[in-house]
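Structural features, examined
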Amino acid sequence: MADLTTEFLGIKSPNPFWLASAPPTDKEYNVRRAFEAGWGGVVWKTLGSEGPPVVNVNGPRYGAIYGADRRLLGLNNIELITDRPLQTNLEEIKRVKADYPDRAIIVSLMVPCEEQAWKDILPLVEETGADGIELNFGCPHGMSERGMGAAVGQVPEYIEMVTRWCKQYYSKPVIVKLTPNITDVRKPAEAAKRGGADAVSLINTINSITSVNLDTMSPEPSIDGKGSHGGYCGPAVKPIAMSMVSEIARNPETRGLPISGIGGVTTWRDAAEFMALGCGNVQVCTAAMTYGFKVVQEMISGLSDWMDEKGHNSIQDFVGMAVPNVTDWQYLNLNYVAKAKIDQDACIKCGRCYAACEDTSHQAISMSADRVFEVIDAECVACNLCVDVCPVEDCISMEAMKPGEVDPRTGKVVEKEYANWTTHPNNPGAVAAE
Ligand SMILES: Cc1cc2nc3c(=O)[nH]c(=O)nc-3n(C[C@H](O)[C@H](O)[C@H](O)COP(=O)(O)O)c2cc1C
């Protein structure tokens, strides 16, 4: 059976599934139950300095976006960092780590952007025996207004400075957690590396307003008639997170910097995709909050089965495997030609493909009087919209034309060499890249 053991920054865990810093990791009771359920590690809910207590709202903290089957697709929250006393958290971390030496415990931290504040808290964290720290430079609400969280994560110079302090006053691995609320995620990742970070983790939550109550005209979640933006997460953010991860993985300035992937991981497949894009492990929050801690069992067995099927003996066998295939648009092979194909046996004759193609695309699907839908190859540009709107999985597929065949739309012969388009002499991108 495939070996799921992970060594991320030298920190061993029995599998690559860690719980992200959030309510599931806010206390000893939760973390013990999470470990019993099989999670490989946790990033403890963010701790702050001793000082004025953190006070959360007493109304709804969460808002949600659902699919048609009311499956939760996106979660929005206006929660702050832990509102439990620092000392209580530190004692609990120490106890749990002592009882679960084979699991990873990382302590998430957010204190003011002052050297003394970091100098004060880091020895206390070191004392717990936890395996490392994660710097929360991402929280987009509540704390950022106080000059912490995303307020630090949006300024590369601050990231570099704070990371450097942490490397100076703490001996174990330092992970910098990045905010997605920024234009170019490569800049904060580069700053983290300059500051000496051992890894980056991403993404934290995305600024969001999930809904507006049209009776009260208040954004939701609404606290006494008013709402503020929260942080968005869950399956809906996975594409954004994976794009950001891939940008960091293939940036020459940060290539090789370990990445912990976060954002919408719900199944083993999501995890495998993040890891193929260069993540040494993944962190999960919304899936655990939606389905409970035991969801990790599905992740473990699914990943293990897939690795066996593909002949991957260890996690390292496939981490980063997809990175060389992430490229810029100009390097895409414009000689590659595909056409849509409809499986008539699977078709339920709903006509969605026809409506979408006829009204908004290339008029490349015909409909007969008895509702048989067929692709007109001479019009099809293989845009994929029919595949995307078809309610039956695998009913419509895109099939690549073979080299030597003539594309009935353009009259051109499909070239043999299209696999090497990156270096093709007719590719202006390849010339520009020289
Ligand atoms: C209710 C809630 C509270 C969170 N609190 C924290 C936090 O204290 N520190 C932190 O770094 N991230 C926090 N996060 C962000 C998560 O750690 C994670 O980055 C984000 O939810 C994306 O992962 P997901 O799509 O698996 O939920 C929180 C998320 C949620 C939903």
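Residues numbered from 1 in each chain as written. Predicted model: local features only at pLDDT ≥ 70, side-chain atom pairs only at ≥ 80, totals over all residues. Heavy atoms only, no water.

For the protein chain, the name recorded in an unreviewed UniProt entry is dihydrouracil dehydrogenase (NAD(+)), with Litoreibacter arenae DSM 19593 as its organism. According to its UniProt record, the protein chain has this under Sequence similarities (unreviewed entry): "Belongs to the dihydropyrimidine dehydrogenase family." What UniProt records for the protein chain under Subunit (unreviewed entry) is the sentence "Heterotetramer of 2 PreA and 2 PreT subunits." (UniProt positions renumbered as here; feature names shortened; annotations may be inferred.)

Next up on the list: the sheet that holds strand 7 (residues 104–109). Taken together, the eight strands give a closed barrel; going around it, the order is 3-4-7-8-9-10-15-16, and neighbouring strands pair in parallel fashion. Here the strands of the sheet are splayed against their neighbours by 25° on average, with no regard to which way each runs. Relative to strand 10 (residues 199–202), strand 9 (residues 174–177) runs parallel, the two being bridged by three bridges. Across the sheet, residue K177 finds its bridge partner in strand 10, namely S201. (Pairing = 2+ DSSP bridges. Helix = DSSP H or I, 4+ residues; strand = E, 2+ residues; numbered from the N terminus. Axes fitted to C-alpha atoms, helices over the stretch in contact; angles between N-to-C directions.)

A few words now on the domain arrangement of the protein chain. The domain architecture assigned to the protein chain consists of domain 1 (6–325) and domain 2 (330–433). On a C-alpha basis, the centres of domain 1 and domain 2 stand 39 Å from each other. (Domains from an automatic or database assignment.)

Moving on: a negative patch on the surface. Together, D343, D345, E393 and D394 give the surface a local cluster of negative charge. Position of D345 among the secondary structure elements: in the loop between strand 17 (338–342) and helix 11 (352–360). (Patch = residues over 30% accessible without salt bridge, like charges linked within 9 Å, V, L, I, M, F, W, Y side chains within 5 Å. Areas by Shrake-Rupley, 256 points an atom, 1.4 Å probe, with all protein chains shown as cover. Salt bridge = Lys/Arg side-chain N within 4 Å of Asp/Glu carboxyl O. Lys, Arg positive; Asp, Glu negative; His and termini not counted. Charge placed at Lys NZ, Arg CZ, Asp CG, Glu CD.)

With that settled, consider the pattern of salt bridges. Applying the stated criterion across every chain, the model contains 20 salt bridges. Where D99 meets R32, a salt bridge forms, and the shortest distance between an N and an O atom there is 2.8 Å. Taken together, the positions of D99 in helix 2 (residues 86–99) and R32 in helix 1 (residues 28–37) put the pair 67 residues apart, joining distant regions of the chain. R32 sits in the partly exposed class, given a relative accessible area of 22%. Taken together, the salt bridges that share partners define one network made up of E28, R32, R95 and D99. (Buried < 20%, exposed > 50% of the residue type's maximum accessible area, 1.4 Å probe, protein only.)

Note that soluble globular proteins tend to have their nonpolar side chains buried in a common cluster. Ranked by size, the top nonpolar core spans 81 residues in total, and within it W39, W118, I133, L202 and L303 carry the most contacts. Tallying contributions element by element places helix 10 (residues 295–310) first for this core, with seven residues. For L202, the contacting residues outside a window of four places in its chain are L178, V185, M244, V245, I248, I259, S260, G261 and I262. (Core = buried A, V, L, I, M, F, W, Y, C linked by side-chain atoms within 4.5 Å. Contact = heavy atoms within 4.5 Å.)

Neighbouring the ligand are 22 residues; S21, T46, K177, G264 and T286 lie closest to it. Within the side chain of N136, one N or O atom sits 3.0 Å away from a nitrogen atom of the ligand. At 2.6 Å, a backbone N or O of G264 approaches an oxygen atom of the ligand. Protein contact buries 99% of the 610 Å² of open area that the ligand shows by itself. Residues of the shell around the ligand, tallied by class, amount to nine nonpolar, ten polar and three charged. (Near = heavy atom within 4 Å. Polar contact = N/O pair within 3.5 Å; in protein donor to acceptor, adjacent residues only side chain to side chain. Nonpolar A, V, L, I, M, F, W, Y, C, P; charged D, E, K, R; others polar.)

Next up on the list: the sheet that holds strand 6 (residues 72–77). The sheet built from four strands is open, its strands ordered 5-6-14-11 with antiparallel pairing. Lying at the two open borders of the sheet, with one neighbouring strand each, are strand 5 (62–66) and strand 11 (206–208). Neighbour-to-neighbour, the strand axes of the sheet open up by a mean angle of 35°, direction not taken into account. The pairing of strand 6 with strand 14 (residues 230–233) spans three bridges and is antiparallel. Bridge pairing links N76 to Y232 in strand 14.

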